[in-house]
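For reference, the chains in residue letters:
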Amino acid sequence: MLQVPFIRENKDLVITRLAKRNIDATNMIDQVIALDEDRRRIQSNLDNTLAESNTISKEIGNLFKAGKAQEANLLKEKTSLLKESSKQLSEDLNRKSNELNELLYKIPNVPNEIVPAGNTDEDNEEVFKEGDIPVLHDEALPHWELAKKYDIIDFELGNKITGAGFPVYKGKGARLQRALIAYFLDKNTEAGYTEYQLPHLVNEASGFGTGQLPDKEGQMYHVTEDNLYLIPTAEVPGTNIFRDTLLNEGDLPIGITGYTPCFRREAGSYGAHVRGLNRLHQFDKVEILRIEHPTQSYKALDGMVNHVKSILQELKLPYRILRLCGGDLGFTSALTYDFEVFSTAQDRWLEISSISNFETFQANRLKLRFKNADGKNQLAHTLNGSSLALPRVLAGILENYQTKEGIVIPEVLQSYTGFSIID
RNA sequence: GGAGAAAUGGCAGAGUGGUCGAAUGCGGCAGUCUUGAAAACUGUUGAGGGUCACACCUCCGGGGGUUCGAAUCCCUCUUUCUCCGCCA
């Protein structure tokens with residue numbers, strides 16, 4: 001959620017930056033400013049009314065103490081009028097505030113200056129590319145065929161137990177999953193992130209805190225009986241650790257990492273690109289998350305990008321980094337870098353990580369603040385990214401490391417898997 | 001699931017109708033001392049709205065009520081703790 005004073009003072013900037021998302025926010029912004037003016041006007045009326053009745057109440061108290069009951073009773077009559085108008089005013093105020101908030105919930109974050117304008121993923125800007133694309137043998141297969149051939153992932157079995165998009169990992173496939181999780185967590189903790197094990201279900205307030213609600217309600221699995229949501233990413237429980245908190249400046253920066261399964265309804269995605277591991281309802285992901293001082297957050301973003309780079313270098317996978325264009329940028333993000341690994345057998349890039357700076361957009365709704373050097377409470381910046389999401393990394397490994405003899409395990413993973421080839 | 005107790009500032013914890021936005025301790029910040037740090041001592045320190053700045057208003061888990069006046073009384077919801085039951 002954007003901050004109203006920021007909108008008020010940077011109206012033109014907000015509108016031109018939101019245009020990068022192909023949104024003409026002029027009307028919404030005007031409305032925000034108008035509603036805010038109304039709100040403040042009503043508030044000030046209400047304040048004056050309440051101030052008057054507070055004064056009278058004190059007088060009444062004093063009169064009673066002085067034994068002047070009759071005069072006190074006269075004053076009492078006066079308060080009933082004030083009461084009525086303050087009731088009316090506070091109703092008006094509530095209505096305006098709610099209207100304002102509903103509108104604010106609908107306005108996405110203001111993109112950073114360097115975010116390219118654009119509509120679709122084709123307008124994303126490639127900023128880095130590394131790693132050799134292997135030349136595969138003639139009988140090379142896409143990962144879903146490999147999974148069947150070596151009996152390491154069973155998609156049909158998942159259909160039977162749950163439904164499409166809930167694969168079952170078996171034998172060396174399951175072990176490879178576990179190895180990747182352990183490896184990612186080790187890399188992240190080595191880089192200074194503190195490991196957390198987080199709940200996989202969250203309440204409504206947490207959903208609001210990170211912006212999944214009310215926006216993407218339909219994308220989360222909802223346990224109606226207890227009104228809880230299955231997490232679509234560890235970002236939700238992880239960031240909500242800091243909901244309604246006031247940190248000291250010295251507490252910053254904070255870095256945490258956690259492995260969780262992620263549950264996504266993915267309503268509306270069908271077709272060839274969802275085959276195999278490409279798009280799932282349940283998948284595993286190791287997340288990194290940072291709370292930063294506003295002056296440090298972009299440096300931290302670069303640091304996160306470099307960290308994920310180093311992992312992909314170790315895994316020796318061909319990858320590229322994209323700076324997302326306005327149209328592809330998530331609702332809450334100000335700047336996002338996507339990592340994509342090249343799937344040789346499918347001849348396409350697969351997104352495996354998304355690293356974003358949310359600036360104060362999440363912190364505002366979360367009320368995540370720190371006491372700055374001037375002793376003022378200031379919103380912190382939040383960032384997060386995948387480090388890394390499992391299924392597509394797994395797809396990339398299976399496809400790029402396949403040989404006629406079997407699938408070779410990347411060297412850095414072998415101490416985790418305990419084997420060097422799947423055959 | 002049953003019975004009882006509780007929810008107060010960054011944290012812990014007093015406060016049972018008016019001078020309480022709230023004692024005290026811890027923590028934070030500033031200073032004294034010190035080569036520096038620690039300790040000790042002194043001062044300062046709740047949040048949000050509003051204002052150029054004051055004034056002023058709101059907030060003691062959420063919502064509603066009683067009252068001229070509520071952290072304090074009543075209703076309701078939520079959460080936590082203790083005991084019992086069940087249980088990986």
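Each residue is numbered by its place in its chain's sequence as written, counting from 1. Numbering of ligands from 1 and lettering of chains from A proceed in the order in which they are written. With the structure being a predicted model, the display of local features is reserved for residues of pLDDT at least 70 and the display and counting of side-chain atom pairs for 80 or more, all residues being used for whole-chain, interface and lining totals. Derived side-chain values reflect all non-hydrogen atoms in the structure, with water molecules and hydrogen atoms excluded from consideration.

**Considerations on the overall build of chain A**
Next, step 1: For helices the rule is a DSSP run of H or I covering at least 4 residues; for strands it is a run of E covering at least 2, with both sets numbered from the N terminus onward. A tally of helices and strands in chain A yields 13 helices and 19 strands.
Next, step 2: Seen along its three principal axes, the alpha-carbon backbone of chain A occupies a region of about 100 × 45 × 40 Å.
Next, step 3: Relative to its full complement of 423 residues, chain A shows a buried share of 50%.
Next, step 4: Partitioning the intrachain contacts of chain A with sequence separation of at least 6 by distance along the chain shows that 74% fall at a separation of at least 24.
Next, step 5: Carbon and sulfur atoms form 47% of the exposed surface of chain A, whose accessible area is close to 20,400 Å².
Next, step 6: When the 48 positive and 60 negative side-chain charges of chain A are each reduced to one mean point, those points stand 4 Å apart. Three labels apply to residues, based on accessible area from a 1.4 Å probe with only protein chains included: buried if under 20% of the type maximum, exposed if over 50%, partly exposed otherwise in between. Residue contacts are counted whenever heavy atoms from the two residues lie within 4.5 Å of one another. Calculation of accessible area relied on Shrake-Rupley with a 1.4 Å probe; when residues are assessed, cover is drawn exclusively from the protein chains displayed. We count Lys and Arg on the positive side and Asp and Glu on the negative side, and we leave His and both chain ends out. Working definition for charges: the position is that of NZ of Lys, CZ of Arg, CG of Asp or CD of Glu.

**What to know about helix α2 (residues 11-19)**
Next, step 1: Along α2, the residues that are buried comprise Val14, Ile15, Arg17 and Leu18.
Next, step 2: Close packing links the buried residues of α2 with α1 (4-9) and α3 (26-65).

**A few points about the sheet that holds strand β10 (residues 282-292)**
Next, step 1: Any two strands with at least two DSSP bridges between them are considered paired. Taking strand neighbours across the sheet as the criterion, the eight strands line up as β1-β11-β12-β13-β16-β10-β9-β4 in an open arrangement whose pairing is mixed. The open sheet is flanked by β1 (125-130) and β4 (194-196), the only strands paired with a single partner. Along the sheet, successive strands turn relative to each other by an average axial angle of 25°, direction set aside.
Next, step 2: Bridge analysis of β4 against strand β9 (residues 254-263) gives three bridges, and the strand direction is parallel. Considered in β9, the bridge of Thr194 is made with Ile256. Lines fitted to C-alpha atoms define the axes, with helix axes restricted to the stretch in contact, and inter-axis angles between N-to-C directions lie between 0 and 180 degrees.

**Describing the protein's contact with RNA strand B**
Next, step 1: If even one non-hydrogen atom of a residue comes within 4 Å of a molecule or strand, that residue is called near it. Near RNA strand B you find 18 residues, and of these Arg39, Asp47, Ser57, Arg369 and Lys371 are the closest.
Next, step 2: Take Asn377: an N or O atom from its side chain is 3.1 Å from a phosphate oxygen of RNA strand B.
Next, step 3: Listed by contribution, the elements that provide at least two residues to the surface near RNA strand B are α3, α4 (69-106) and β14 (368-371).
Next, step 4: Counting residues per element, the surface near RNA strand B draws most heavily on α3, which supplies eleven residues.
Next, step 5: Across the surface near RNA strand B, the residue classes tally to three nonpolar, seven polar and eight charged. Residues adjacent in sequence count toward polar contacts only when both atoms are side-chain atoms; beyond that, a polar contact is any pair of N or O atoms within 3.5 Å, and within protein one must be able to donate a hydrogen and the other to accept it. Note on residue classes: Ala, Val, Leu, Ile, Met, Phe, Trp, Tyr, Cys and Pro are nonpolar, Asp, Glu, Lys and Arg are charged, and everything else, Gly too, is polar.

**Quick notes on the environment of Gly131**
Next, step 1: Within the fold, Gly131 resides in the loop between β1 and α5 (143-149).
Next, step 2: The class for Gly131 is partly exposed, based on a relative accessible area of 44%.
Next, step 3: Between the alpha carbons of Gly131 and Tyr319 there is a distance of 6.4 Å; along the sequence they are 188 residues apart.
Next, step 4: Those residues in contact with Gly131, other than ones at most four positions away along the chain, are Leu317 and Pro318.

**Concerning the domain arrangement of chain A**
Next, step 1: Here chain A is described as being made up of domain 1 (4-104) and domain 2 (121-422).
Next, step 2: The straight-line distance from the C-alpha centre of domain 1 to that of domain 2 is 44 Å. Each domain's extent was defined by an automatic or database domain assignment.

**As for unusual backbone geometry**
Next, step 1: The amide bond that connects Leu252 to the next residue, Pro253, takes the cis arrangement and shows omega of -5°.
Next, step 2: Assignment of secondary structure puts Pro253 in the loop between β8 (245-248) and β9.
Next, step 3: Cis geometry marks the peptide bond from Ser387 to Leu388, where omega comes out at 5°.
Next, step 4: Topologically, Leu388 is positioned in strand β16 (residues 381-389).
Next, step 5: In the Ramachandran plot, Asp347 falls in the positive-phi region, its phi being about 55° despite a non-glycine side chain.
Next, step 6: Looking at where Asp347 falls in the secondary structure, it is placed in the loop between β12 (335-343) and β13 (348-359).

**Quick notes on α4**
Next, step 1: Expected helix span is computed as 1.5 Å times (number of residues minus one). Its 38 residues place the ends of α4 55 Å apart at the C-alpha level, agreeing with the 56 Å of an ideal helix rising 1.5 Å per residue.
Next, step 2: For α4, the full list of buried residues reads Ala72, Leu75, Thr79, Leu82, Ser86, Leu89, Asp92, Leu93, Leu100, Leu103 and Leu104.
Next, step 3: In this structure, the buried side of α4 is in contact with α1 and α3.

**Examining the environment of Ala19**
Next, step 1: Looking at where Ala19 falls in the secondary structure, it is placed in helix α2.
Next, step 2: Ala19 gets classed as partly exposed once you look at its relative accessible area, which sits at 39%.
Next, step 3: Residues Ala19 and Pro111 lie 92 residues apart in sequence; the distance between their C-alpha atoms is 9.2 Å.

**Notes on the packing of aromatic side chains**
Next, step 1: Within 6.5 Å between ring centres, the rings of Phe, Tyr and Trp (the latter by its six-membered ring) count as paired, and their orientation is classed by plane angle as stacked under 30 degrees, edge-to-face over 60, tilted in between. Going through the model one piece at a time under the given rule, you end up with seven aromatic pairs.
Next, step 2: Geometrically, the ring pair formed by Tyr105 and Phe208 is tilted, given 6.1 Å between the ring centres and 50° between the ring planes. Within this pair, whereas Tyr105 is found in helix α4, its partner Phe208 is found in helix α8 (residues 204-209), the two being separated by 103 residues in sequence.
Next, step 3: Seen from their ring centres, Tyr319 and Phe339 are 5.9 Å apart, and the 20° between their planes marks the pair as stacked. Here the residue Tyr319 occupies a position in strand β11 (residues 319-323), and Phe339 occupies one in strand β12, the gap between them amounting to 20 residues.
Next, step 4: By relative accessible area, which is 0% here, Phe339 ends up buried.
Next, step 5: Only when the NZ of Lys or the CZ of Arg is both within 6 Å of the ring centre and within 35 degrees of the ring normal is a charge said to sit over the ring. The ring of Phe128 carries Lys309 above its face, with NZ or CZ at 3.8 Å from the centroid.

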